[in-house]
Amino acid sequence: GMRTIKTGLAVTLGVLFGELGFIENPTLTVSACIMSMKSTVRRSLESGLSRILGTLLGGILGFLFAIIFKGNPWFVGLGVILNIHLCYLFRFSSGSVVSALTFTSIVLGVTGNDPFKFSILRTVDTMFGVIIALAINYWVSRKRYMNYLYSEFLTTEARFLELSREISRDEK
């Protein structure tokens, strides 16, 4: 339904931002868009903050693990476990998947790059996807919500006029 269309719009924007040079890695942005799209604005906002915090946590841990453990497979696995555990511990568990995604993209992709710069870019790329999903969900749902409000206003107005007529008839 509508969530599918919103996800497609968010992915399109993520790819366009990559082509325009606003983000370096549209794959992460698009992945975050897909993971972050929810069926309602309320659900998106509730999980959006968790995903932003998860992205930041994944970026910080990814940077630290990249400079200390340099992509060692055992420590990559332990780092994912640590990311997920900390997301649950700090009560932003719905951010655990995007945290692990950000973490692994940094730890596994940093080879030959400056770890600090690479970590910031991957974190920004992922965060962009979360923000795009929130914005699309708000924009699309807002229009639908405004149509709903207008429809309810018209219904209320019609009921009020009908009630006014009945009251005026009863007074005569």
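Anything mentioned here points back to the structure above.
Here's a quick rundown of the structure. Not measured: the values here are computed from a predicted model. (Residues numbered from 1 in each chain as written. Predicted model: local features only at pLDDT ≥ 70, side-chain atom pairs only at ≥ 80, totals over all residues. Heavy atoms only, no water.)

What follows concerns the overall build of the protein chain. When its secondary structure is counted, the protein chain shows six helices and zero strands. Its C-alpha atoms put the protein chain at 90 × 40 × 25 Å along the principal axes. Taken over 172 residues, the protein chain has a buried fraction of 36%. Considering only residue pairs separated by 6 or more positions, the protein chain has 74% of its internal contacts joining residues 24 or more positions apart. Surface exposure of the protein chain reaches about 10500 Å², of which carbon and sulfur atoms provide 67%. In the protein chain, the 17 positive side-chain charges and the 11 negative ones have mean positions that sit 8 Å from each other. (Helix = DSSP H or I, 4+ residues; strand = E, 2+ residues; numbered from the N terminus. Buried < 20%, exposed > 50% of the residue type's maximum accessible area, 1.4 Å probe, protein only. Contact = heavy atoms within 4.5 Å. Areas by Shrake-Rupley, 256 points an atom, 1.4 Å probe, with all protein chains shown as cover. Lys, Arg positive; Asp, Glu negative; His and termini not counted. Charge placed at Lys NZ, Arg CZ, Asp CG, Glu CD.)

So, about unusual backbone geometry. When glycine is set aside, most residues are seen to have a negative phi, and most peptide bonds are trans. A positive phi angle, near 45 degrees, is found at Lys 70, a position not held by glycine. Mapped onto the elements, Lys 70 comes out in the loop between helix H3 (41–68) and helix H4 (73–89). Owing to a relative accessible area of 65%, Lys 70 belongs among the exposed residues under this scheme. The phi dihedral of Arg 91 is positive, around 65 degrees, even though this residue is not glycine. Note that Arg 91 resides in the loop between H4 and helix H5 (96–109).

Within this structure, the stated rule accounts for two salt bridges. Its salt-bridge partner being Glu 24, residue Arg 122 comes within 3.1 Å of it at the nearest N-O pair. One end of the pair, Arg 122, is in helix H6 (residues 115–171); the other, Glu 24, is in the loop between helix H1 (2–19) and helix H2 (26–36), with 98 residues separating them in the sequence. Here Asp 125 ties to Arg 122 by a salt bridge, and the two come within 2.8 Å at their closest N and O atoms. Linking Asp 125 with Arg 122, this pair stays in helix H6, spanning three residues, or about one helical turn. A single burial state applies to Asp 125 and to Arg 122, both of which are buried. A network of salt bridges, in which partner residues are shared, links Glu 24, Arg 122 and Asp 125. (Salt bridge = Lys/Arg side-chain N within 4 Å of Asp/Glu carboxyl O.)

Because each turn of an α-helix spans 3.6 residues, side chains separated by three or four positions end up pointing in the same direction. Restricting attention to buried positions, one finds in H2 the residues Leu 28, Thr 29, Val 30, Ala 32, Cys 33 and Ser 36. The opening residue of H2 is Asn 25, an N-cap whose side-chain oxygen sits 3.0 Å from the backbone nitrogen of Thr 27. (Polar contact = N/O pair within 3.5 Å; in protein donor to acceptor, adjacent residues only side chain to side chain.)

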